[in-house]
Amino acid sequence: MDIQLDPARDDLPLMANTSHILVKHYVLDLDVDFESQVIEGTIVLFLEDGNRFKKQNSSIEEACQSESNKACKFGMPEPCHISVTNARTFSSEMEYNDFAICSKGEKDTPDKDGNHDNQEHASGISSSKYCCDTGNHGSEDFVLVLDCCDLSVLKVEEVDVAAVPGMEKFTRSPKLTVVSEELRNQIVRELVTLPADCWREQLDYYACCSQAPGCGELLFDTDSWSLQIRKTGAQTATDFPHAIRIWYKTKPEGRSVTWTSDQSDRPCVYTVGSPINNRALFPCQEPPVAMSTWQATVRAAASFVVLMSGENFAKPTQLWEGCSSWYYYVTMPMPASTFTIAVGCWTEMKLETCSSNDLATERPLSPSEADFRHVGVCSHMEYPCRFQNASAAAQEIIPYRVFAPVCLKGACQETLLRLIPPCLSAAHSVLGTHPFSRLDVLIVPANFPSLGMASPHIMFLSQSILTGRSHLCGTRLCHEIAHAWFGLAIGARDWTEEWLSEGFATHLEDVFWAAAQQLDPREAREQQELRACLRWRRLQDEMRCSPEEMQVLRPSKDKTGHTSDSGASVIKQGLNPEKIFMQVHYLKGYFLLRFLAKRFGDETYFSFLRKFVHTFHGQLILSQDFLQMLLENIPEEKRLELSVENIYQDWLESSGIPKPLQRERRAEAECGLARQVRAEVTKWIQVNRRPRKRKRRVKEEVFEKVRHRWCELIVKHKFTKAYNSVERFLQEDQERSQRDSFTRLLLSWGTRLALTLDIKGGIMSLRKPSARSTVHVLVLLFPRGWSQPGTHKRQILINSLPLWSLPPALDLEWSCSGILSSSAQMIKGT
């Protein structure tokens, strides 16, 4: 029985009915328009009904538990010769009137959101907002539910894959004389299950099918969170068309992408890592269990670079003057939420001292690495896996590129480009085979809300990491590299268990960074202990300032990983704005893994971690998968009283600071490096508290006198364009004598020009009385006790008196701090 999804204010609904039908592959064909800030085009979905993939999942789980499934042999296949000139679908200018349309000639009118659904027929679709029970209900049609919001859906149609030359090889008939729905679905079923060593041929066939004509328009409807599609007469997922094309366009306000300007003030757009993921970029199945592959063709102006999650280093193809096309593909099944795109005027950065970016550094495997390589043993669904390739296993540094606005070229060359090779090599030395074959690194615009974000084959980094020394850049780079294993190659089956991604990446960033710096064991231990001290303080602050329900790493407890009968679910606190700023999953997850590594010893723990990666890569996991395998592989004498249940109780299912962590921090002595830092900080705090007189160099004094004289001339001659210089002088100059003398000058100037004082909102300012002339206001005084009603406007004639000689009836108080902090400002009005 399905649950009724009624998301609370901060919960995120996942509406897709993944238990009935799964998207196996997406083909996107998109145009990026910066003038209208819209991405539009088509997306073709290749589907597989539930009966087949449930059997596949069952066999995968059994193989994973026994760890004795058949060896997968993936060699480099011979290229399949299929004529594909351009991987794009038909354009909107092509005619579809020659094909049967499942409508009665009614006018296709857009709704208030711009969706062109068939109003009459779509009314048959359930309008219950969060009811996702879309299986077979007797005479009712089956409904495909996709996660979708902030999109204008224009049309949905079935794709006639049988019209593609050569598709008869996927059927039992030598010639396709009679084409039926069953035959089309049979072709798609065979296509999506091609062996992994035919991946090139499979991609070519997907591209050909995506260009095939439509063979009937499908009925659809939308609500706040989903797109619902049905075909009249198709009562089950097996009967529903297995290849459909959706015509759509994004909206400028869509929350999956951000339209902005880069640091060189050039327009760009990129996926920002929104809480709603990619459902405002394309209709998709958001639940992580819906793992799929994709290929995408994106067209943009020739001056723009398109970066995307893809296994290939795409190069632009000129379509016509001023327009280029970029093509990417992915053969490793991944959740749709990991899809990433960025389009902008980026420049590829290269080290001037380096002639080329070596593709790989190959070397013999050490004995410690050979014991976990397990070539030929994989538990995931079939795909061209790098863990089966000996040359990939020896690749310490995968091919990489760095893109950024041209104004950041120097910073990238000085810091980032020099750190990527040692960080990639360090990660390989700890965990082994890189899950992905290449890496693009992009320095994103200044409005990026975090320090970094990792996606398959591409990484976003904030410009903030380029400042200062290499430590910030190196640790953040290591954190995002760690996500290639934990978060991407191994994902959480339930999004509420974020610690399986962020906790591992936080713990591993210290290990990777120590290896990248080639620190000796003592130095590495002290550096990691210092970072642990800092994280301990942050965790304490987090526990004090956050609600208890958001401090739990496994909030659903025994229901973790459960969904409704249709596959729909709700992510608790998924839309809570506070969650963006919280680090509970990072910090508690980090301290749990650090606790386990110290309990079992680094050598034992990381040996297990390599084995875990080779067992579960390409799959989704829950907390118990990791903990059970860990405890089963650790000698009993090291386990002591540890069990999955008490780890749940102490670390994952309770709020606050875990008791084992409190005991550990009380008993643990500070390392030498942490003591040095504490002593240095204490020293400077004490120094800062001492009263001291500022000593100024002669040149500085001369400069201040010049600034002072310049401000006098600005005021005297009413040079309005330079009033900001007066503002800066009042805010920045620390010498009271000069500021006071300048204030007297202003008062004298005010008397000669018959200025008045105006009280507005508790601030006193000089104001010129002529209403017709331009008014220039300079805030000088910070009044006290002038907030009573009726006293907001007063006019007082200024005499040429020193500031402290003003009449006491005014009850004024001079405030240097007020002027220096926020009160000194220049306002221009009429």
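Enquirer: Can you help me understand the overall build of the protein in this one?
Expert: Across its full length, the protein holds 21 helices and 29 strands. Counting only residues that meet the buried cut, the protein has 54% of its 830 residues in that class. Contacts spanning at least 24 positions in sequence make up 76% of the contacts within the protein whose residues lie at least 6 apart. On the protein, roughly 38400 Å² of surface is accessible, and the fraction owed to carbon and sulfur atoms is 50%.

Enquirer: Would you take a moment to explain the state of the cysteines for this structure?
Expert: Disulfides are covalent bonds that connect the sulfur atoms of two cysteines. Counted by the stated rule, this structure contains zero disulfides. Cys208 provides the cysteine sulfur closest to Cys209, a residue in no disulfide bond, and the two sulfurs are 6.8 Å apart. Looking at Cys209, the relative accessible area reads 0%, which means it is buried.

Enquirer: I would appreciate a short explanation of unusual backbone geometry in the present structure.
Expert: The bulk of non-glycine residues show a negative phi, and the bulk of peptide bonds are trans. The backbone of Asp265 shows a phi angle near 65 degrees, a positive value even though the residue is not glycine. Note on placement: Asp265 falls in the loop between strand 10 (257-261) and strand 11 (267-271). Of note in the backbone geometry, Lys557 takes a positive phi value of approximately 50 degrees without being a glycine.

Enquirer: When you look at the packing of aromatic side chains in this model, what are you seeing that I'm missing?
Expert: Remark: the centre distance and the inter-plane angle together describe each pair of aromatic rings, the angle taken between the planes. Per the stated rule, a full pass over the model turns up 28 aromatic pairs. Ring centres of Trp499 and Phe504 lie 5.9 Å apart, and the angle between their planes is 20 degrees; on these two criteria the pair is classed as stacked. Overall, Trp499 belongs to the buried group, its relative accessible area being 0%. Relative to Phe626, the ring of Phe608 lies with its centre 5.8 Å away and its plane at 55 degrees, an arrangement referred to as tilted. With Phe608 in helix 12 (residues 602-616) and Phe626 in helix 13 (residues 623-633), this pair connects stretches of sequence that are 18 residues apart. Among the residues examined, Phe608 registers a relative accessible area of 4% and is labelled buried.

Enquirer: Sorry, what's going on with the nonpolar core here?
Expert: Across soluble globular proteins, you tend to see nonpolar side chains buried next to one another. Core analysis: the largest hydrophobic core is formed by 157 residues, its most contacted members being Ile229, Leu596 and Phe626. Every residue in contact with Ile229, bar those within four places of it in the chain, is listed here: Phe142, Val143, Leu144, Leu146, Val156, Leu218, Leu219, Phe220, Phe240, Ile244 and Ile246. Formed by 23 residues, the second largest nonpolar core is a distinct cluster that contains Val161, Val188, Cys208 and Cys209.

Enquirer: What is the right way to look at the sheet that holds strand 20 (residues 452-455) in this model?
Expert: Strand-to-strand pairing in sheets goes through backbone hydrogen bonds, with the strands running parallel or antiparallel. Taken together, five strands build an open sheet; the order of strands is 17-18-19-21-20 and the sheet is mixed. Here the strands that pair on one side only, and so sit at the sheet edges, are strand 17 (347-349) and strand 20. The sheet shows a mean angle of 25 degrees between the axes of neighbouring strands, direction not considered. The sheet contacts of helix 7 (residues 409-431) involve strand 17, strand 18 (400-404), strand 19 (439-443) and strand 21 (458-461), and relative to strand 18 the element is tilted by about 155 degrees. On the sheet, helix 8 (residues 470-482) packs against strand 20 and strand 21 and is oriented at approximately 145 degrees with respect to strand 21.

Enquirer: What is the right way to look at the pairing of strand 14 (residues 317-320) in this model?
Expert: Consecutive residues of a regular strand have side chains that alternate between opposite faces of the sheet. Pairing geometry for strand 14 and strand 15 (residues 323-335), over three bridges, is antiparallel. Residue pairing across strands places Thr317 opposite Ser325, the latter belonging to strand 15.

Enquirer: Just to check I follow, could you spell out the environment of Cys345 for this structure?
Expert: As for its placement among the helices and strands, Cys345 is situated in the loop between strand 16 (341-344) and strand 17. Residues Cys345 and Val406, spaced 61 residues apart in sequence, show a C-alpha to C-alpha distance of 8.7 Å. Residues contacting Cys345, with those up to four places away along its chain left out, are Asp262, Arg266, Pro267, Ser303 and Phe304.

Enquirer: Teacher, can you tell me more about the packing of helix 11 (residues 584-600) against helix 16 (residues 659-667) here?
Expert: For any two helices packed against each other, one specifies the inter-axial angle together with the distance between the axes. For the pair helix 11 and helix 16, the least separation of the axes is 11 Å and the interaxial angle reads 65 degrees. In the crossing of helix 11 with helix 16, the sense of the turn from one axis to the other is left-handed. In this structure, helix 11 uses Phe591, Arg594, Phe595 and Lys598 to contact helix 16, whose residues at the interface are Pro660, Leu661, Glu664 and Arg665. Of the residues contributing to the contact of helix 11 with helix 16, the split by class is four nonpolar, no polar and four charged.

Enquirer: Would you mind going over the side chain of Ser501 with me for this structure?
Expert: With respect to the element layout, Ser501 can be found in helix 9 (residues 499-517). Judged by relative accessible area, Ser501 falls into the buried class, the value being 17%. In this view, Ser501 contacts His483, Phe486 and Gly487; residues no more than four positions away in its chain are not counted.

Enquirer: Would you mind going over helix 8 with me for this structure?
Expert: For an α-helix the count is 3.6 residues per turn, leaving residues at separations of three or four pointing the same way. The first and last C-alpha atoms of helix 8 sit 18 Å apart over 13 residues, in line with the 18 Å expected at 1.5 Å per residue. Along helix 8, ten of the 13 residues are buried, which leaves the element largely enclosed by surrounding structure. For helix 8, every residue scored as buried is listed here: Cys473, Gly474, Thr475, Arg476, Leu477, Cys478, His479, Glu480, Ile481 and Ala482. In the core, the buried residues of helix 8 are packed alongside helix 7, strand 20, strand 21, helix 9, helix 10 (521-545) and helix 11.

Enquirer: Looking at this model, I keep getting lost on the pattern of salt bridges. Mind explaining?
Expert: Oppositely charged side chains can pair when the atoms bearing their charge come close. Under the criterion given, the structure shown has 30 salt bridges. Measuring nitrogen to oxygen at the nearest pair gives 4.0 Å for the salt bridge that ties Arg279 to Asp147. With Arg279 in the loop between strand 11 and strand 12 (291-301) and Asp147 in strand 4 (residues 143-147), this pair connects stretches of sequence that are 132 residues apart. An identical accessibility class is assigned to Arg279 and Asp147; each is buried. For Arg438, the salt bridge goes to Asp440, with nearest N and O atoms at 2.8 Å. Several salt bridges share partner residues, and in doing so they unite Glu158, Asp160, Glu181, Arg184 and Lys231 into one network.

Enquirer: Help me out: how do you make sense of the confidence of the model for the protein in this one?
Expert: Low-confidence regions, as indicated by low pLDDT, have predicted coordinates that should not be scrutinised in detail. The predicted model of the protein averages 78 in pLDDT, with 71% of residues at 70 or higher. Counting contacts from residues 118-133, a segment whose pLDDT is below 50, to residues more than four positions away or on other chains yields 43 contacts. Within the model, pLDDT remains below 50 along residues 734-739, and this stretch shows 16 contacts once partners closer than five positions in the same chain are excluded.

Enquirer: In this structure, what is going on with a nonpolar patch on the surface? I would like to understand it.
Expert: A contiguous nonpolar patch, built from Val677, Val681 and Ile685 and spanning about 210 Å² of accessible area, is present on the exposed surface. The topology assignment puts Val681 in helix 17 (residues 672-689).

Enquirer: How should I be thinking about the side chain of Asp150 in this particular structure?
Expert: Assignment of secondary structure puts Asp150 in the loop between strand 4 and strand 5 (151-159). A polar atom in the side chain of Asp150 sits 3.0 Å from the side chain of Arg255. Setting aside chain neighbours within four positions, we find Asp150 in contact with Thr250, Lys251, Glu253, Gly254, Arg255, Ile276 and Ala280.

Enquirer: So what exactly am I meant to see when it comes to the sheet that holds strand 11 here?
Expert: Within the open sheet, the four strands sit side by side as 10-11-16-13. Their pairing is antiparallel. Both edges of this open sheet fall to strand 10 and strand 13 (305-308), since each of them pairs with a single strand only. When strand polarity is set aside, the average angle formed by the axes of neighbouring strands in this sheet is 15 degrees. Where strand 11 and strand 16 come together, three bridges link them in antiparallel fashion.

Enquirer: Looking at this structure, I do not really get helix 9. What am I missing?
Expert: Here helix 9 spans 26 Å end to end across 19 residues, near enough to the 27 Å set by a 1.5 Å rise per residue. Within helix 9, the axis deviates most sharply at Leu508, by approximately 25 degrees. Of all 19 residues in helix 9, 17 are buried; the element is thus mostly enclosed. With its phi angle positive at about 55 degrees, Gln518 sits one or two positions after the end of helix 9.

Enquirer: Help me understand the environment of Gly310 in this model?
Expert: The topology assignment puts Gly310 in the loop between strand 13 and strand 14. Separated by 30 residues in sequence, Gly310 and Thr340 place their C-alpha atoms 9.1 Å apart. Look past the residues within four positions of Gly310 in its chain and what remains in contact with it is Tyr328, Tyr329, Val330, Arg438, Pro456 and His457.

Enquirer: What is the right way to read the environment of Val570 from this model?
Expert: Here Val570 shows up in strand 23 (residues 569-571). Taking the relative accessible area as the measure of exposure, Val570 reaches 28% and is therefore partly exposed. In this structure, the C-alpha to C-alpha distance between Val570 and Pro13, residues 557 residues apart in sequence, is 4.4 Å.

Conventions used here
Residues numbered from 1 in each chain as written. Predicted model: local features only at pLDDT ≥ 70, side-chain atom pairs only at ≥ 80, totals over all residues. Heavy atoms only, no water. Helix = DSSP H or I, 4+ residues; strand = E, 2+ residues; numbered from the N terminus. Buried < 20%, exposed > 50% of the residue type's maximum accessible area, 1.4 Å probe, protein only. Contact = heavy atoms within 4.5 Å. Areas by Shrake-Rupley, 256 points an atom, 1.4 Å probe, with all protein chains shown as cover. Disulfide = S-S within 2.5 Å. Phe/Tyr/Trp six-rings, centres within 6.5 Å; stacked < 30°, edge-to-face > 60°. Core = buried A, V, L, I, M, F, W, Y, C linked by side-chain atoms within 4.5 Å. Pairing = 2+ DSSP bridges. Axes fitted to C-alpha atoms, helices over the stretch in contact; angles between N-to-C directions. Left-handed = near helix turned anticlockwise from the far one by under 90°. Nonpolar A, V, L, I, M, F, W, Y, C, P; charged D, E, K, R; others polar. Expected span 1.5 Å × (residues − 1). Salt bridge = Lys/Arg side-chain N within 4 Å of Asp/Glu carboxyl O. pLDDT = per-residue confidence, 0-100. Patch = residues over 30% accessible without salt bridge, like charges linked within 9 Å, V, L, I, M, F, W, Y side chains within 5 Å. Polar contact = N/O pair within 3.5 Å; in protein donor to acceptor, adjacent residues only side chain to side chain. Bend = angle between axes of the 7 residues up to and from the residue.

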